[in-house]
Amino acid sequence: MKNKLRLVFMPFMLALIGLIVGYTFLNWLLFIKLGILHPKEEITMIILPFLFAGGITWLYLSPKLKVLQLKVDFFHVFIAFLGLLIPTVLAQKYMCVNTGKLTVLTSVGEIRHSEQTKYYDLGTHYIDTGNKHCYATYEIHGKRAERLCMYFYTVMPICEKREEIGMHYQPAVWLGIVYEEEISSSISQDRMEAAYNAFISRSQNRVERGDFSHFLCFERIGQSSQYYEEFMKALGQSVSNVSEPIILMGMNMPYGERGGDLLQKFFTAFFIVMFVWLLLSIIPKINPKELKRIKEGKPDWVAKLERQEWLEFITPRKDYFVTPVILLLNVAVFFLMMLAGKGFLTFQADDLISWGACYAPMVSEGQWWRLLTATFLHNGVSHLFGNMFFLVYVSLHLEELITRSQYLCLYLFSALAGSVISLLWHTEPFVAVGASGAIFGLYGAYIALLIGGLYPKKYMKSVLKETLFFIGINLLAGILPGADNAAHIGGLLCGFFLGLIFLSSCKRKARKEIRRKL
């Protein structure tokens, strides 16, 4: 019992407390206090805790479970991950809600000259509902895209005097209102359109007939808010506008009660996690062999080798140098966009363009660098993951065959070829991003080396079939909306041509390697 508590239970509790305290402090310091970046709230409250909890579980807690005799350790690993994640998420929500300061104003006009805080008491104020600006949109949700979620955003001026209502002027402060409804997306297209139009009509009526004078206080909507960009679209202004309007959302609860029962939920989750992990730690039998290793102070070579295998994919080495650099650069750009508040699952086209996407109207104006920078942008986490997986897969075979300069030229020229073919193919403006054109170029070069006699025929045939199958599947998937098969084909042809050029030097390199080994 004592060994189980010391070796399994206590490491988990230390990891849990360390994650909650450490990440909550960093979240508060970097994103709230200093405001260095403005990631979306779902990033700081869910995505980053998810990544940290996963990393701690994999690198720190999973090896600790070897001291228990478990037929399958996946259940323990999964519970450990959830046990770290859930209390940490609740801690972020409580911290974000309760760290905001309340500023009491005597008039709305003072807000521009007062200290910027999260909450405000505006005193006497008036809402100009006749000068409203609206924006409606919808999203498809659910694992099987079975739900249609409809949103209606409205912003209205908050006036200091009743006489200002109806006047044409630039308001200092706006009130933001959000309405949302959800219906099944399994109905016909006509019925969905009718339901969407009816929702917009109902929302407009609610705004026109609504009483917005009863709010007890207001919350300032910052760039990290999930509503910020939609409110800005309702105003018809760019998010990067210098003269940023102040948008407030009304609160129907007193300032002192804004946290609700979040603290109670946090402690409830914390103690439930602690109790569950205590049971999972003491119920299984001890593994005497692993316990002996720990008492003798011997290292866990199996765990080290497992971590080393994963690190090899992102660690530059002699015959695998350029690929990790490209991979880390793509991931770094993605995380910078994420931390800048541009999204995670998907990014908006306007944001991708501002970060360097390949967009025909701007390329024609002389911004040729977009042909290359677009290669290091991705429109979401799944797009990034898929491209980086296939990049590593082909590079493990290809990069050792050619020189670093050849590999880099192959990657960049294939990327450029993919971008150029994409621009020529699409008659309408198309926002093109992603490394797939360059990656298809790598596969094209690999095919050229395979059929060029660099490998024995028996090996060549099996690998060639596998490579052609991959290319065929991806070209078929490229038919789907949003994919860019023109870039794929352009990169593939360019890579194949360069592979033929590199073939003779690759054969000489292979012969030298054989003589060296002999």
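Every value quoted in this text rests on a predicted model; they were computed, and no experiment measured them.

### Focus on the overall build of the protein
Within the protein one finds 17 helices and 8 strands. Over its C-alpha atoms, taken along the principal directions, the protein stretches across nearly 95 × 70 × 45 Å. When burial is assessed residue by residue, the protein has 42% of its 518 residues classed as buried. By sequence separation, contacts in the protein at least 24 residues apart represent 73% of the contacts at least 6 residues apart. Split by element, the accessible area of the protein, about 28300 Å² in all, is 63% carbon and sulfur. Taken as two groups, the 51 positive and 41 negative side-chain charges of the protein have centres that lie 16 Å from each other.

### Concerning the confidence of the model for the protein
As a general rule, the predicted coordinates of low-pLDDT regions are not to be interpreted in detail. Residues at a pLDDT of 70 or more form 94% of the protein, whose mean pLDDT is 86. Mean pLDDT across the secondary structure elements of the protein bottoms out at helix α16 (residues 457-477), with 76, and peaks at helix α6 (residues 262-282), with 94. Below a pLDDT of 50 lies the segment residues 238-242, which in the model reaches 4 contacts outside its immediate sequence neighbourhood of four places, other chains included.

### Comments concerning the pairing of strand β8 (residues 246-251)
Of all the 6 residues making up β8, 5 are buried; the element is thus mostly covered by neighbouring parts of the structure. Across 3 bridges, the pairing between strand β6 (residues 173-184) and β8 is parallel. The residue of β8 that forms the bridge with L175 is L248. By the bridge criterion, 4 bridges tie strand β7 (residues 217-220) to β8 in an arrangement that is antiparallel. If you follow R220 over to β8, its bridge partner there is L248.

### Here we look at the nonpolar core
Counting residues in hydrophobic clusters, the biggest one holds 85 residues, and the most contacted among them are F12, L391 and I402. When residues of this core are assigned to their parent elements, the largest contribution, 11 residues, is made by helix α1 (residues 2-33). Ignoring any residue separated from it by four or fewer positions in sequence, one finds F12 in contact with L61, A80, G83, L84, V273 and W277. F152, V173, I200 and F212 belong to the second largest nonpolar core, which has 25 residues in total.

### Details of the state of the cysteines
Taken as a whole and judged by the stated rule, the model has 0 disulfides. Left without a disulfide partner, C134 is nearest to the cysteine sulfur of C159, which lies 16 Å away. Residue classification places C134 among the partly exposed positions, given a relative accessible area of 34%.

### A few points about a nonpolar patch on the surface
A cluster of nonpolar side chains, M10, L14, W58, L59, Y60, W310, L311, F313, I314, L328 and L396, forms an exposed patch at the surface whose accessible area comes to about 1000 Å². Among the secondary structure elements, those contributing two or more residues to the nonpolar patch are α1, α2 (41-64) and α8 (301-311). It is α2 that provides the largest number of residues to the nonpolar patch, a total of 3 residues.

### Quick look at the packing of α1 against helix α3 (residues 74-98)
How two helices pack is summed up by the angle between their axes together with the distance between the axes. Between α1 and α3, whose axes approach to 9 Å, the crossing angle comes to 35 degrees. Read as a crossing pair, α1 and α3 show a hand that is right-handed. For the pair α1 and α3, the contacting residues are F12, A15, L16, L19, I20, Y23, T24, N27, W28 and I32 in the first and A80, G83, L84, P87, T88, A91, Q92, M95 and C96 in the second. Grouping the amino acids of the contact of α1 with α3 by side-chain chemistry returns 14 nonpolar, 5 polar and no charged.

### Re empty space enclosed by the protein
Enumeration according to the criterion identifies 1 cavity of 30 Å³ or more in this entry. By volume, the largest cavity amounts to about 40 Å³. For the largest cavity, the full set of lining residues is C358, A360, S422, L423, H426, E428, P429, F430 and A432. Classifying every residue of the lining of the largest cavity gives 6 nonpolar, 2 polar and 1 charged.

### Focus: the packing of aromatic side chains
All told, the structure shown has 23 aromatic pairs when counted by the stated rule. Geometrically, the ring pair formed by W58 and W310 is edge-to-face, given 6.0 Å between the ring centres and 80 degrees between the ring planes. Here the residue W58 occupies a position in helix α2, and W310 occupies one in helix α8, the gap between them amounting to 252 residues. Note on W58: relative accessible area 41%, which makes it partly exposed. With relative accessibility at 54%, the residue W310 sits in the exposed group. Taking 6.3 Å as the distance between ring centres and 25 degrees as the angle between the ring planes, the aromatic pair formed by Y151 and Y153 counts as stacked. Given the relative accessible area of 12%, Y151 is considered buried.

Criteria and cut-off values
- Residues numbered from 1 in each chain as written.
- Predicted model: local features only at pLDDT ≥ 70, side-chain atom pairs only at ≥ 80, totals over all residues.
- Heavy atoms only, no water.
- Helix = DSSP H or I, 4+ residues; strand = E, 2+ residues; numbered from the N terminus.
- Buried < 20%, exposed > 50% of the residue type's maximum accessible area, 1.4 Å probe, protein only.
- Contact = heavy atoms within 4.5 Å.
- Areas by Shrake-Rupley, 256 points an atom, 1.4 Å probe, with all protein chains shown as cover.
- Lys, Arg positive; Asp, Glu negative; His and termini not counted.
- Charge placed at Lys NZ, Arg CZ, Asp CG, Glu CD.
- pLDDT = per-residue confidence, 0-100.
- Pairing = 2+ DSSP bridges.
- Core = buried A, V, L, I, M, F, W, Y, C linked by side-chain atoms within 4.5 Å.
- Disulfide = S-S within 2.5 Å.
- Patch = residues over 30% accessible without salt bridge, like charges linked within 9 Å, V, L, I, M, F, W, Y side chains within 5 Å.
- Salt bridge = Lys/Arg side-chain N within 4 Å of Asp/Glu carboxyl O.
- Axes fitted to C-alpha atoms, helices over the stretch in contact; angles between N-to-C directions.
- Left-handed = near helix turned anticlockwise from the far one by under 90°.
- Nonpolar A, V, L, I, M, F, W, Y, C, P; charged D, E, K, R; others polar.
- 1 Å grid on protein atoms, 1.4 Å probe; cavity = no way out; pocket = protein on both sides within 12 Å on 5 of 7 lines; lining within 4 Å.
- Points joined across faces, edges and corners; volume = space filled by probe spheres on them.
- Phe/Tyr/Trp six-rings, centres within 6.5 Å; stacked < 30°, edge-to-face > 60°.

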